[in-house]
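# Per-entry structural report
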Protein chains: 4
Amino acid sequence: MNFASDNAQPACPEIRAAVEAAAEGPAMPYGNDPWTERAVAAVRDTFAAPHAEVRLVATGTAANALGLSLLTPPYGAVYCHPEAHVYEDECAAPEFFTGGAKLIPLPDRAGKVAADDLAALLAVPQRGVHHAPHAALTLTQATEYGLVYGVDEVATLAGLCHDHGLAVHMDGARFANAVAALGCAPADITWRAGVDVLSLGASKNGAWACEAVVVFDPTKAPGLEHRRKRAGHLLSKGRFLGAQMAAYLEDGLWLRNAAHANAMAARLSAGLAALPGASLVHPTQANEVFIDLPAPVVDGLEARGFVFYRWHGPGTTLLRLVASHGTLETDVAAFLDAARALA
Amino acid sequence: MNFASDNAQPACPEIRAAVEAAAEGPAMPYGNDPWTERAVAAVRDTFAAPHAEVRLVATGTAANALGLSLLTPPYGAVYCHPEAHVYEDECAAPEFFTGGAKLIPLPDRAGKVAADDLAALLAVPQRGVHHAPHAALTLTQATEYGLVYGVDEVATLAGLCHDHGLAVHMDGARFANAVAALGCAPADITWRAGVDVLSLGASKNGAWACEAVVVFDPTKAPGLEHRRKRAGHLLSKGRFLGAQMAAYLEDGLWLRNAAHANAMAARLSAGLAALPGASLVHPTQANEVFIDLPAPVVDGLEARGFVFYRWHGPGTTLLRLVASHGTLETDVAAFLDAARALA
Amino acid sequence: MNFASDNAQPACPEIRAAVEAAAEGPAMPYGNDPWTERAVAAVRDTFAAPHAEVRLVATGTAANALGLSLLTPPYGAVYCHPEAHVYEDECAAPEFFTGGAKLIPLPDRAGKVAADDLAALLAVPQRGVHHAPHAALTLTQATEYGLVYGVDEVATLAGLCHDHGLAVHMDGARFANAVAALGCAPADITWRAGVDVLSLGASKNGAWACEAVVVFDPTKAPGLEHRRKRAGHLLSKGRFLGAQMAAYLEDGLWLRNAAHANAMAARLSAGLAALPGASLVHPTQANEVFIDLPAPVVDGLEARGFVFYRWHGPGTTLLRLVASHGTLETDVAAFLDAARALA
Amino acid sequence: MNFASDNAQPACPEIRAAVEAAAEGPAMPYGNDPWTERAVAAVRDTFAAPHAEVRLVATGTAANALGLSLLTPPYGAVYCHPEAHVYEDECAAPEFFTGGAKLIPLPDRAGKVAADDLAALLAVPQRGVHHAPHAALTLTQATEYGLVYGVDEVATLAGLCHDHGLAVHMDGARFANAVAALGCAPADITWRAGVDVLSLGASKNGAWACEAVVVFDPTKAPGLEHRRKRAGHLLSKGRFLGAQMAAYLEDGLWLRNAAHANAMAARLSAGLAALPGASLVHPTQANEVFIDLPAPVVDGLEARGFVFYRWHGPGTTLLRLVASHGTLETDVAAFLDAARALA
């Protein structure tokens, strides 16, 4: 049983069926197909954003880097969490797509960025042309630690940004998990709270390979179409992406999958936290559990074939456990039973 | 019936079945899965190149741009045909991935680049640091005009390159069509003839979205893995790419699909060339037909619902007709019947 | 005697005196000094352009590449003469500064670009996202062949550009020579004729190292200040640049130097063209002479120690002779005497 | 009197005389002149490095960014002090020149980077392709806070780097001040201690605008010549740079100027530190003084026309005072007298 990553699952049955159904007859290539049209409409409907510019790509790194490239000049400063995926896990993709912008980490505040730190940074006058000028803030929702920014948190951070001329990007690789946790309208936690561009993930939550770049303010999108093409992210058979995203959003699949993953993570979290010697490092708000367990428990689980990350490398005991659309209740029960037996 | 592009077809049944079969159980993400391993082995076997570095991506533009980025410094000159896809149809992707290298067109010689022109260019001493230094040649096989470079042609061009320190890249978006036409071993028309890096296409010939960057000389590949990642082309669910490429190559599907497409193009070409007023602009060597037809024939075909490109824009009569794995004999017959009736 | 390049001369006495005069007392660095202020004012006065944005740099390549980076997105197409300095002699600097834009050569028409060719190119509809979109035209004034575009020529070319949404850049490394030849107001051949950004050269015409990027439409300049800095072209001791440009423009030195250079070139051209077997390849309109001379004459001149370029490499007989502010009448006379003796 | 920056002074008389002396007769452009040859020889002699590759540029930002571009792939990680000039004051120039590498700050340890922090970072295994791979460390000598790394410190840091495959760059904008303070051989604190590439500054210490990129291991230099050109940093009149650097190094001017500046800073530091309420923030080891003074003293000094930076912005009382080759003993005495009167 694999708790290492929400990428370890194959696509879910509904997405696979949608792709298969799209394999019918000729269609114009490069996104000029009916499935892509449906997908764009579904994104706009989901976000109550009829004028949003929407482009589909195959990876979250591409979505993030393209989105950021719309929000900063090549010499701009983009602020982020020090463990943000864009900073730590994308091998300098944002720097590449932006043409050399600087990603600058804000302090880590229990897994999030804090408005106080951003406010303090923005209060310091910039040193003229010597400093990379403020360009954007990027937030991850849900965060790399499975935390969820509330509507007020996003609005406060975005408000500071807009007051100082910065744009706001949201890395929503696990956006569905955040919305399922918050129970709010997707618009409330994005454009209504001040988010300018969203990377809307599907790959971690049931798709084969599909993410949307969503530009809520279309005046910020003029370069998106060309930037996607020159990055090699315009698929010739656009229907492959379109069919996935349409199926993901049209009838609520995205939130059903995410709610299931969140529930499985909550169950894991509660069960493990009750063990002697266990220490939950972050509250479990979405589909990831960060918990420190006694070394014999961790070793034993590994010996029994359970797959997960030791977050700080071999021999360490802080675990990241990720639940997904494909995590079975029986998987969770088996894991908890084994852990209890080892504790 | 759609003759506009080999991208207009969905994936072929064998590829779709392979992807579906791969949707089973967890697998480690980011290409660390058994399907990717099989795909790499299949590429190496196909090319009798056991040490080749192979990476899978979802688009031909990504494969070309990544491949070129291994062969030129950011200030290098890459020579190409003036209508090469990398020059005309990739929205400056090679410039982006290489960090600013110059693509410089050689003269068009009936749809190909000619060794004489390359030799003449290389015979001129470079003007020191002012000029972008020679870095690479890129050839398209089969070409944008459906022509096929013979083994001797590639060897002569590549020999000139290597004598002058240039590397050789091959854009093989339609490589299968070229090999099916030549009937040679894949190795003979690539590394044995001097090709350093190949973009091996599958998307136009049966896959959903899959191409391989094949680096025959692994000493030229050290940056490939990181360059793919930072371009957002490392898919999290690597099995989606691996399953396609494995199915494409393992049992000859790639050549069966290509041979069929070539045969359909040949039939179209022969039938249309026999019409009064028809003028074949290039010989039909792979799966594309470039033919000038009388305006009433063209208009009539369009009016009957046949889909194809007027190559020089609306109102012009030079047609590009592309056959693919999915082109039916009955499609070809219907097209030819209609053309004959109109002629 | 050196006719190889207008870069072979040291700075002229007036410029040297101005730099020495500026070496007095402390001044705020990074362009916040009175000499830079004077230089900016002098540029604005010279061009009757009180709102122009002006930045000084040390090289023409920097000026050109910075100027172009304001006029194209990183995926745009910039059209130029096939032997333009930006295309042939700047080692891909424009590609670097623009982040990967494509420089695309127009046909050579007797050393210039022609409006008919540009019009034909712009009349073809672009192929959507596949093609690098039209962004700008760059003209060289005077050209690499010592030719001068007339006011009407520039206006026609620029008018075509603006009608199709392209911006216009002028490489004015030898702008002074062009204005001295045309006898027009600097404004007439630049912004009044539709030029958006000018590289105004001084280094070839008397300065040590100084060029100005002049943005006539300040709405196009917002990134210029930061782009100059991040390219390492903001000198700490700004007065070194400011003193040169102020001295160059304030009392007409730029036109005196250029008129002298043009006159020396005209004298060379007339004298050489009268020799038997001589063939002037381009009319001599500014400070460069392109002339084919009999091989014995060329060999003899070289043997006598005259320095010049054989334009097509060793052994060829098409010469480029460049006159400058420092070319003496006696140099020209000596050269002509020697040539006549050899003819 | 200006203590704001060592850039506030004009060039020193010796450098000015050398430039004037170079303004004699024609010379081949683009660095093919005798002064540049002398400068390169002088750098090699100074560093006992006869095979070093040396290129001259006009700014420190250019030297740093070019140097780093030789030491990292476009997706590499370059570690630095969080207040390093390359990180804070070059408007993303390193990111630009490297094609998108990441500058990653190490912790600040009293104004330096510490070997323990670097060792800890390098001890963590990298997360495969997701992380920007380790590429280089850059040290500033003397640092932004006027501190000097000892030979052992550099050797320890560089040893760690080389053990883990990282290269070492040194930003030597104030290298002369460091060598004057250390009293060591230039080779001892650079290549013998493990430095691969040095930015050797002259602009802050007497030159108009001149820095050298010094590549001690010439196998790391193959791209330097072209990279300088495409960045617009190859001056046409190379003698302007060559004459400065030759005069700077050939007879010890660089160390005389630096020793004077250091002595003036030491005198300032000692005098101010003795005032009631004064607090020296960093020891004064080179030519910069960082000292906190009572607000009335600071206000009074400003009111009397002394020019300096309040380091943390208007109203703050931590001052940076910079002495230079041009700082007079009478300037220092006047400043100290005024401060004492105000204290």
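Keep in mind that what you see is a predicted model, and the values were worked out from it rather than measured. Each chain has its residues counted from 1, running along the sequence as written. Think of it this way: whatever chain is written first is A, whatever ligand is written first is 1, and the rest follow in order. In view of the model being predicted, local features appear only for residues whose pLDDT reaches at least 70, and side-chain atom pairs are presented and counted only at 80 or more, with totals across whole chains, interfaces and linings using the full set of residues. Side-chain figures throughout are based on the complete set of non-hydrogen atoms in the structure, without hydrogens or water.

### Side note on the relation of the copies chain A and chain B
Under the convention used in this document: Here the copies were fitted onto each other by least squares, based on C-alpha atoms from residues at pLDDT of at least 70 in both. Here, residues are in contact when the closest pair of their heavy atoms is within 4.5 Å.
Of the transformation placing chain A onto chain B, the axial shift is 0.0 Å and the rotation is 180°, giving an RMSD of 0.0 Å. Those values place the two copies in the arrangement expected of a two-fold rotation axis. Within chain A, A231(A) has its C-alpha nearest the rotation axis, a separation of 3.4 Å. Of all interface residues in chain A, 98% are interface residues in chain B too; the two copies therefore contact each other through one and the same surface.

### Concerning the sheet that holds strand β9 (residues 288-292) of chain C
What links the strands of a sheet is backbone hydrogen bonding, and the strands pair in either a parallel or an antiparallel sense. Residues and elements named next belong to chain C. Heads up, the condition is: Two strands are said to pair when DSSP picks up at least two bridges between them. Helix and strand definitions here come from DSSP, where helices need a minimum of 4 consecutive H or I residues and strands a minimum of 2 consecutive E residues; each element is numbered from the N-terminal end.
If you trace the four strands from one edge of the open sheet to the other, you get β8-β9-β11-β10, paired in antiparallel fashion. Only two strands of the sheet have a single neighbouring strand rather than two, namely β8 (279-280) and β10 (309-310). One ladder, built from two bridges, connects β10 with strand β11 (residues 318-322); its direction is antiparallel. Directly across from Y309, in β11, lies its bridge partner R320.

### Some details on the interface of chain C and chain D
Here is the rule we go by: Defined here as a combined quantity, buried area equals the accessible surface (1.4 Å probe) lost by two parts on assembly, summed across both. Basic side-chain nitrogens of Lys or Arg form a salt bridge, by our definition, when they fall within 4 Å of a carboxyl oxygen of Asp or Glu. We call two N or O atoms a polar contact when they sit within 3.5 Å, provided that within protein one can donate a hydrogen and the other can accept it, with sequence-adjacent residues counted only if both atoms are side-chain atoms.
With 53 residues of chain C at the interface, the matching set in chain D holds 53 residues. Between chain C and chain D, a total of about 4100 Å² is buried, with carbon and sulfur atoms accounting for 62% of that surface. Counting the surface chain C buries against chain D, the share from its top three residues, F96(C), W208(C) and K237(C), is 20%. The interface formed by chain C and chain D includes two salt bridges. Here E20(C) makes a salt bridge to R16(D), at a shortest N to O gap of 2.7 Å. Viewed at the interface, chain D and chain C are joined by 24 residue pairs in polar contact (both at pLDDT 80 or more). Listing elements by their share of the side of chain C that touches chain D, those giving two or more residues are α1 (13-21), α3 (60-69), α5 (93-98), α9 (224-230) and α10 (239-250) of chain C.

### Describing the relation of the copies chain C and chain D
Its rotation angle being 180°, the transformation that places chain C on chain D also includes 0.0 Å of axial translation and leaves an RMSD of 0.0 Å. Most of the interface of chain C is mirrored in chain D, where 100% of its interface residues are also at the interface.

### Details of the pairing of strand β5 (residues 167-172) of chain A
All names here are of chain A. Quick reminder of the rule: Residue burial is assigned from relative accessible area. The probe radius is 1.4 Å, only protein chains are included, and a residue is buried under 20% of its type maximum, exposed over 50%, and partly exposed in between. Looking down the strands as they point away from the viewer, one classifies a crossover as right-handed if the path from the first strand across the helix to the second runs clockwise.
Counting buried positions along β5 gives six out of six residues, so the element sits mostly inside the fold. Both faces of β5 are covered, namely the face carrying A167, H169 and D171 and the face carrying V168, M170 and G172. Handedness of the strand β4 (residues 134-140)-helix α7 (residues 151-163)-β5 crossover: right-handed. Relative to strand β6 (residues 197-201), β5 is paired through four bridges, and the arrangement is parallel. Bridging across to β6, M170 finds its partner in L198. Taking the sense of rotation as the criterion, the β-α-β connection linking β5, helix α8 (residues 175-182) and β6 turns out right-handed.

### Description of the pattern of salt bridges
Residue and element names in this part refer to chain B. Taken as a whole, this structure holds 68 salt bridges over all chains when the rule is applied. In this structure, K112 engages E153 in a salt bridge whose closest nitrogen and oxygen atoms are separated by 2.9 Å. Linking K112 in the loop between β3 (102-105) and α6 (115-123) with E153 in helix α7 (residues 151-163), this pair joins segments that are 41 residues apart in sequence. Two residues, R267 and E329, come together in a salt bridge whose shortest N-O distance is 3.4 Å. On the criterion of sequence distance, the pair formed by R267 in helix α11 (residues 253-273) and E329 in helix α13 (residues 329-342) is long-range, its members being 62 residues apart. For E329, a relative accessible area of 45% translates into the label partly exposed.

### Focus: the pairing of strand β2 (residues 77-80) of chain D
Note on strand geometry: in a regular strand, side chains alternate between the two faces of the sheet. All names here are of chain D. Neither face of β2 is open: one carries A77 and Y79, the other V78 and C80, and all of them are buried. Where β2 meets strand β3 (residues 102-105), four bridges bridge the pair, whose relative direction is parallel. Pairing of V78 across the sheet is with L103, part of β3. Pairing of β2 with strand β4 (residues 134-140), which is carried by three bridges, proceeds in the parallel orientation. Across the sheet, the residue bridging to V78 is A136, located in β4.

### Regarding the interface of chain A and chain B
With 53 residues of chain A at the interface, the matching set in chain B holds 52 residues. Here chain A and chain B share an interface that buries about 4100 Å² over both sides, 62% of which is from carbon and sulfur atoms. Taken as a group, F96(A), W208(A) and K237(A) account for 20% of the area that chain A buries against chain B, more than any other trio of residues on that side. Taken together, chain A and chain B are joined by two salt bridges. For the pair chain A and chain B, the number of links is 24 residue pairs in polar contact (both at pLDDT 80 or more). Those elements giving two or more residues to the side of chain A that touches chain B turn out to be α1 (13-21), α3 (60-69), α5 (93-98), α9 (224-230) and α10 (239-250) of chain A.

### Some thoughts on unusual backbone geometry
In this model, Q141(A) is joined to A142(A) through a cis peptide bond whose omega is -10°. Structurally, the position occupied by A142(A) is in the loop between β4 and α7. The backbone of C91(B) shows a phi angle near 50°, a positive value even though the residue is not glycine. Relative to the helices and strands, C91(B) resides in the loop between α4 (85-88) and α5 (93-98). Unlike most non-glycine residues, A92(C) shows phi in positive territory, near 70°. In this structure, A92(C) sits in the loop between α4 (85-88) and α5. Assessed through its relative accessible area of 2%, A92(C) is described here as buried.

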